[in-house]
Amino acid sequence: MDKFGMHSQTEQLHARHVGTGNADTTKHQWLAHQHRDTLAHYVADNSLATYISIAEGETVARTKFNMLQRMQQPCGPPPLPPAVEE
Amino acid sequence: MFLYNLSLQPTTAISAAILGHFSGEKQQEIVVVRQQRLELWHPNTATGKISIVHSEDIFCRIRNIAQFRLTGGSKDYIMMAADTGALAVLEYNPKKKQFNTIQYHEFGRTGLRRLIPGQYVAADPRGRAVMIAGAERSKLVYIVTRDSEANLMLASPLEANKAHSICFDIVGVDVGYENPIFAAIETNYEDMDTDFTGQGLERSEKLLVYYELDLGLNHVVRKWSTPVSKTANKLIALPGSTDGPSGVLVCSEGFIEYKHAIGTTATHKVPIPRRVNPLEDKSRGLMIISSAVHRMKNAFFILAQADTGDLYKVTVEYADNTVSRVGIKYFDTIAPASTIRILRAGFLFAANADGGNHQFYQFENLGDEIDSEEYYSVDGEDTQLIELAYFQPHELSSLGLVDEIESLCPVLKSQVLNIAEEESPQIYALCGRGARSSLKIIRHGLEVSELAVSELPGTPKTVWTVKKRDADEFDDYIVVSFLDATLVLSVGEEVEEVTDSGLLNTAPTLCLNRLDGDGIVQVTPRAVRHILADGRVNEWLPPQNREINCATANNRQVVVSLSRTGGQSIYFELDSQLGVLREHEERLHIGNDATCVSLSPIPEGRLHAAFLAVGCEDQTVRVFSLDPQRCLEPLSMQAVAEVAHSIEIVDQLSTLILYMGLRNGLLMRANVDTTSGELDDTRTRLLGTRAIQLCKARINGTNAVLALSSSPWLCHAYQGRLRTTPLSYDTLDFASGFISEQCAEGVVCVSGDTLRILTIDRLDSVFNQASIPLSYTPRDFVLNDASRHFAIIESEHAHMSTSLFKRGLFESGAVENNEEAEGAVLPPEQFGLIRSKAGDWASLIRVLNPFDGESTQTIELEENTAAISIVQVSFTNHEVANPHDKFLAVGCVTSMTLKPRGFESASIRLYRWNNEGTGLELVHVTPVDDIPQALMSFNGMLLVGIGRALRLYDLGIKRLLKKAQTMVAPNTITALHPHPTSTERFFIADVQESIQLATFNQNTRNFHVILDDTLPRYITSFHVLGDGDTVIAGDKFGNLFGIRSPESVSKSLDADPTGNRLIYEKPKLGGSAYRWNSIAEYHVGDIVTSLTTCSLSAGSRPIIFYTTLLGSLQVAIPFVSQGDVDFFRSLELNMRKHRPPTSGRDHLTYRSAFMPVRSVIDGDLCEQYYMLDEEKRELVSDDVDRTQQDIFKKLEDMRSLFAF
């Protein structure tokens, strides 16, 4: 089947470029990646982190920590997979 | 439209700072990160003052830096993690005064990405390796070595990646000379993503991981990991090997824990003590946000700061590299800092990113004397239970504030107004947050500190300072000259009058100078007096009926000019053998009376000044040679617009500069060729309305000239360019440089009938600020034009007001009466506001007089209500309102929650200005159904943006009356802006969907959107230019952009202002029928908070002025000629080519971080031309095809014509 090692190459690329989708990517997975990217950007960007921390009334350090903490599960637990039909 | 963007004041917030010996000298220095700038600060441990030595814009987002020293080296390097996708090793070159990239290793794409390393950087304390990590997955370790020339080298990176793991902090563990170890706090989310039970987050654990770099095998292994608290956020590395126990302190919410791979079976866990507060939320733990470890001989000292601002002293007791106990004790309270650093000389540097100034403290003790309970870790296996520990905060007792560096961060709103009616407008900015909020009044001008002011008997004309002996370090006399007398003051313990100085005090003094051989020359209108060291006086008298009208001298030469002789001048030279002044046989005849004379400075290694400059009555300034071979030969002449009042030649930036102060207040400047005496490159600038008096002085170790007109100015060299900056001080009449024990580089000056001693400490900031403290984070403000009072709304999330706190204390039974409650409130300036839970608000409306800083009225909003928008409005409904009444509408919301966005109720409070605009009275409150985030006065009614809807209100007796409503915005309306000319049109900003142009149809009472944008832009602030078609706006990602309406739309609207022709056109692609055209794009690198058009100095052209969140003040100058555009385009291009930013980031891609840059030239990059060395300058000027002087002139013109 996998004549040119295409499959393994794709897998490798998927592993390297986290967040790359495929046909089986669920909405939740896609959203979680989006949110993680966004949160990582907020943590990295001092200007945005300050902006958010002012709104929240927290220090910048705590705001950044909260963002990193949220990166673990940004969109809540994954929904149950649809029951596989026999 | 083509813009030239220039930052007048760079970002002031500091996100990171490191301490080290970056110049390679004994003195400790600080390198700070200010968004895209890297700066080297020099703390003077003798005086306790910090000065900024070097500041460089490196055009990238610096995210973290670490200090690095090679084993056995004496110089520290800077390891920089930024958005460059590379690790850069920088070095400070003290000779050239610049940062150099010595190693640069690229590993990924640019930008702020989660998987590319760059978020954290940590160095091995022994200088063998460095780790750079990303927010997720990636970690790279570089071995650092020396090459044969002892240069620092980076080996190929070693990967220590772990997929799906989020990194919270990394630190280099001190393990002596064993294999380097880096510690990291990580969590892994792989299981969470596939755990369908919903228990994933609870089951997950956070790990402390040790990564060991095996130097022998050249690879990195995950050596050890141990679970830590789920709230762990920060690591503090302890000294190791012979200096300490090694290992790390893991800071989590509420406690600190000691962890190490070797020899830790017992747990050492101490709670972070909390302030005694009966109303506290016990579930919220304190978080350590910054820390510093100070190594001393055989000991170390740890300070950690919690997010309340409290500093704790952490002690670690150990024996044989095994920790026996960890202790924690409250130390002091300062503002929450982004970084704290302890200097060896006993100072603490606290850099601030949460509002407030950067502070420099001196240690008065190490906290041992303070009576505060110390908590220790309990030996035992029980790690679960940590009881809450408490302390009673106290005033600063171990630290003393010695210096402050002002910071504007965060700037929340600003306005450029001239309500003080000065020559140039002031910038009023709402700055800071929480208890450190303030209204800052920012003026262009250097800050002057006044050391002494004393009254004099009469009105002095001039003032001089002089030393008695050549070898003296300090000035001995201050000589004040009046119209007909001279007063001699000796400087010592006290300044007092003396009469034995040998100086004539019955005549005015025209010129006074020290002469070699311990003599003094005093020129009075009737004599040139040479006072010798032994007290004898040699006098030269002018001919009868002739008086000396001007004179100049240095320590070997004297030139005097006689009045009414057609400019006859006599040149004296000190005879070094006889020690007397000898008159030159020839006299200088100019043909016109001289008004002022000046000698050029003596070049190094020479004895004589080479040139004499004379200002004449015929509106010329002439230069003569003083070369013995061709003495008094005319060399060059410069025609000036008015008679020169005063001239000076100084050596600045290794060129001779002739300054000419004219009688009409113009200052002219020309370069003097050092060999031929030719004048070229003449510049003119208007400084004031009075004749300009020029006085030499030394400021910050460089030659400077004070130009005193109706206001004082300083002409000095700064970072490779000449700058003329006003001083924020009273009018001065005359000044002289002054050196004494108390001030190394002071200025003594006369103003009116007073004598003053001043110093100018800081040249890095051309702005000075007056600050009026506020209570809570300010959100917006409006000006009452008539009374010139500001109405400011302030609101603070998750905090409570002191009155609520007092009431709470009373209700909870913690206190028995009001006085006790009063005593329980800590002063917020030091301790911050009282924290409450999320969803609680403290808010007020304040009426403030900006001139005396007094609040004439404060209205504290009760019942958890927060003010979020404010506007001044007048109503045309005269049945209800008096036509002269001015109203203030304030949008309020009760119990607002941020995540998710929600509220209990919302309202618009309408106030009427009373007491001649110094107070407010509530007219009525109108409830509304969503948060009124945007308000605008519109055709004598109030226009409100409520969620997605626009609503028009008119004034009623009991409440506002709804007149029209239309859903217009895609998400939420955040701001409204009127059209400059049309009354039907206005602009709407959406929280996500850029800007819309809308019209109001009177007949149908409907709002229609005519234009919207093709790009989603998260608008933070916007401004409409005077043409009514162009909008300049800033978004949340730090972009500045310009959009313009298509010509067809503008034409159609001009023909039919109601827009009837356009509103019925078919909508296109789900939006309105027409779209904005993008005309300018630029990535500023910081969120734009306020935009306006104004002219910044008297007579200059209007420009776009904006402030950014992290405290920068910038301008975007519209070009007026295509020639300038072409020139600056070419200059920018060549600067990019020949001087790429030190960070290694490509300048063009940085400025195009979100959208490709369009029609904006980066003036900051162009101005780096001043800092290039000669060779590079030549290269650039060749490629631009202009001379260097042309480029300098162009750059200077952009500043002087439009800004400053």
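The rules behind the values
Residues numbered from 1 in each chain as written. Chains lettered and ligands numbered in written order. Predicted model: local features only at pLDDT ≥ 70, side-chain atom pairs only at ≥ 80, totals over all residues. Heavy atoms only, no water. Helix = DSSP H or I, 4+ residues; strand = E, 2+ residues; numbered from the N terminus. Buried < 20%, exposed > 50% of the residue type's maximum accessible area, 1.4 Å probe, protein only. Contact = heavy atoms within 4.5 Å. Areas by Shrake-Rupley, 256 points an atom, 1.4 Å probe, with all protein chains shown as cover. Lys, Arg positive; Asp, Glu negative; His and termini not counted. Charge placed at Lys NZ, Arg CZ, Asp CG, Glu CD. Pairing = 2+ DSSP bridges. Axes fitted to C-alpha atoms, helices over the stretch in contact; angles between N-to-C directions. Buried area = accessible area lost by both parts, 1.4 Å probe. Polar contact = N/O pair within 3.5 Å; in protein donor to acceptor, adjacent residues only side chain to side chain. Nonpolar A, V, L, I, M, F, W, Y, C, P; charged D, E, K, R; others polar. Phe/Tyr/Trp six-rings, centres within 6.5 Å; stacked < 30°, edge-to-face > 60°. Lys NZ or Arg CZ within 6 Å of the ring centre and 35° of its normal. pLDDT = per-residue confidence, 0-100. Arc of directions from axis to C-beta. UniProt positions renumbered as here; feature names shortened; annotations may be inferred.

(A) A look at the overall build of chain A. Regarding its fold elements, chain A presents four helices and zero strands. Starting at the N terminus and ending at the C terminus, chain A contains elements arranged as α-α-α-α. Taken over 86 residues, chain A has a buried fraction of 40%. Sequence-distant contacts in chain A: of pairs separated by 6 or more residues, those separated by 24 or more amount to 49%. Total accessible area on chain A stands at roughly 5200 Å², and carbon and sulfur atoms take up 58% of it. Within chain A, the 9 negative side-chain charges are centred at a point lying 8 Å from the centre of the 7 positive side-chain charges.

(B) Region of the structure containing the sheet that holds strand β39 (residues 477–481) of chain B. Residue and element names in this part refer to chain B. The antiparallel open sheet is built from four strands, whose spatial order is β38-β39-β40-β41. Of all strands in the sheet, those with a lone pairing partner are β38 (462–466) and β41 (495–497), marking the two edges. In this sheet, neighbouring strand axes are inclined to one another by 25° on average, regardless of whether the strands run parallel or antiparallel. When β39 meets strand β40 (residues 486–491), the two strands line up antiparallel, connected through five bridges.

(C) Up close: the interface of chain B and chain A. With 61 residues of chain B at the interface, the matching set in chain A holds 38 residues. Here chain B meets chain A over a buried area of about 4100 Å², counting both sides, of which 57% is carbon and sulfur. When the buried area of chain B at its contact with chain A is split by residue, B:Arg114, B:Phe196 and B:Arg433 rank highest and sum to 16% of it. Along the contact surface separating chain B from chain A lie 21 residue pairs in polar contact (both at pLDDT 80 or more). When contributions to the side of chain B that touches chain A are tallied by element, the ones reaching two or more residues are β6 (62–68), β15 (165–173), α1 (190–194) and β67 (789–797) of chain B. Considering only residue class, the side of chain B that touches chain A consists of 27 nonpolar, 14 polar and 20 charged.

(D) Focus on the environment of B:Asp1013. All names here are of chain B. Within the secondary structure, Asp 1013 is located in the loop between β83 (1006–1012) and β84 (1019–1024). A residue is classified by how much of its surface remains accessible, and Asp 1013, at 11% relative accessible area, is buried. Placed 18 residues apart in sequence, Asp 1013 and Ile 995 show a C-alpha to C-alpha distance of 6.5 Å. Only 2.7 Å separates the side chain of Asp 1013 from the side chain of Ser 994, close enough to count as a polar contact. A polar contact is formed between the side chain of Asp 1013 and the side chain of Arg 1017, at a distance of 3.2 Å.

(E) Expanded view of the side chain of B:Asn877. Residue and element names in this part refer to chain B. Among the secondary structure elements, Asn 877 is positioned in the loop between β72 (865–873) and β73 (887–894). Residue classification places Asn 877 among the buried residues on the basis of a relative accessible area of 16%. Those residues in contact with Asn 877, other than ones at most four positions away along the chain, are Asp 954 and Leu 955.

(F) Structural detail: the environment of B:Val871. Residues and elements named next belong to chain B. Mapped onto the secondary structure, Val 871 falls in strand β72. Along the sequence, Val 871 and Ala 82 sit 789 residues apart, while their C-alpha atoms lie 41 Å from each other. For Val 871, the residues in contact, after removing those within four places along its chain, are Val 782, Phe 887, Leu 888, Ala 889, Leu 935, Met 936, Ser 937 and Leu 942.

(G) Representation of the packing of aromatic side chains. Residue and element names in this part refer to chain B. According to the stated counting rule, one finds 32 aromatic pairs over all chains in the structure shown. On the numbers, 4.7 Å between centres and 40° between planes, the contact of Phe 1000 with Phe 1007 is tilted. On the basis of relative accessibility, which here comes to 2%, the residue Phe 1000 falls in the buried class. Classification of Phe 1007 as buried rests on a relative accessible area of 3%. Members of the aromatic cluster, joined through ring pairs, are Phe 2, Tyr 4, Phe 1119, Phe 1127 and Phe 1128. One cation-aromatic arrangement involves Arg 1017 over Phe 1041; the distance from NZ or CZ to the ring centre is 3.8 Å.

(H) Seen up close, helix α3 (residues 46–56) of chain A. For α3(A), a buried count of nine out of 11 residues is recorded, marking the element as mostly surrounded by other parts of the structure. Within α3(A), burial applies to A:Asn46, A:Ser47, A:Leu48, A:Ala49, A:Thr50, A:Ile52, A:Ser53, A:Ile54 and A:Glu56. The elements touched by buried residues of α3(A) are α2 (27–44) and α4 (60–72) of chain A together with β6, β34 (411–417), β66 (778–784) and β67 of chain B.

(I) Spotlight on the sheet that holds strand β63 (residues 746–751) of chain B. Residues and elements named next belong to chain B. The sheet built from four strands is open, its strands ordered β37-β64-β63-β62 with antiparallel pairing. At either margin of the open sheet sits one strand with a lone partner, and together these are β37 (449–455) and β62 (734–738). Here the strands of the sheet are splayed against their neighbours by 20° on average, with no regard to which way each runs. Bridge count between β37 and strand β64 (residues 754–759): six bridges; the pairing is antiparallel. Its bridge partner lying in β64, Ala 452 is registered against Ile 757.

(J) How the structure looks around the confidence of the model for chain B. Averaged over all residues, the pLDDT of chain B is 91; the fraction at 70 or higher stands at 99%. Across the interfaces of the predicted complex, the ipTM metric reaches 0.93, alongside a pTM of 0.92.

(K) Broad picture of helix α11 (residues 1174–1184) of chain B. All names here are of chain B. Within α11, burial applies to Arg 1177, Val 1180, Ser 1181 and Val 1184. Buried residues in α11, looked at end-on, bunch into an arc of 95°, giving them a common side. In α11, the exposed positions that point more than 90 degrees away from the buried face belong to Glu 1175 and Asp 1182. Buried positions along α11 lie against α8 (1122–1138) and α12 (1188–1202).

(L) Representation of the pairing of strand β27 (residues 322–333) of chain B. Residues and elements named next belong to chain B. Buried residues dominate β27, accounting for nine of its 12 residues. Bridge count for strand β26 (residues 310–319) against β27 is 10 bridges, and the pairing is antiparallel. Looking across to β27, one finds that Val 316 is bridged to Val 326. The antiparallel hairpin formed by β26 and β27 contains two residues in its connecting segment, where Asp 320 sits at a positive phi of about 50°.

(M) Spotlight on the UniProt feature "domain: RSE1/DDB1/CPSF1 C-terminal" (unreviewed entry) in chain B. When the UniProt feature table is mapped onto this chain numbering, "domain: RSE1/DDB1/CPSF1 C-terminal" (unreviewed entry) sits at residues 843–1170 of chain B. A helix fraction of 12% and a strand fraction of 47% characterise residues 843–1170 of chain B, whose end C-alpha atoms lie 48 Å from each other.

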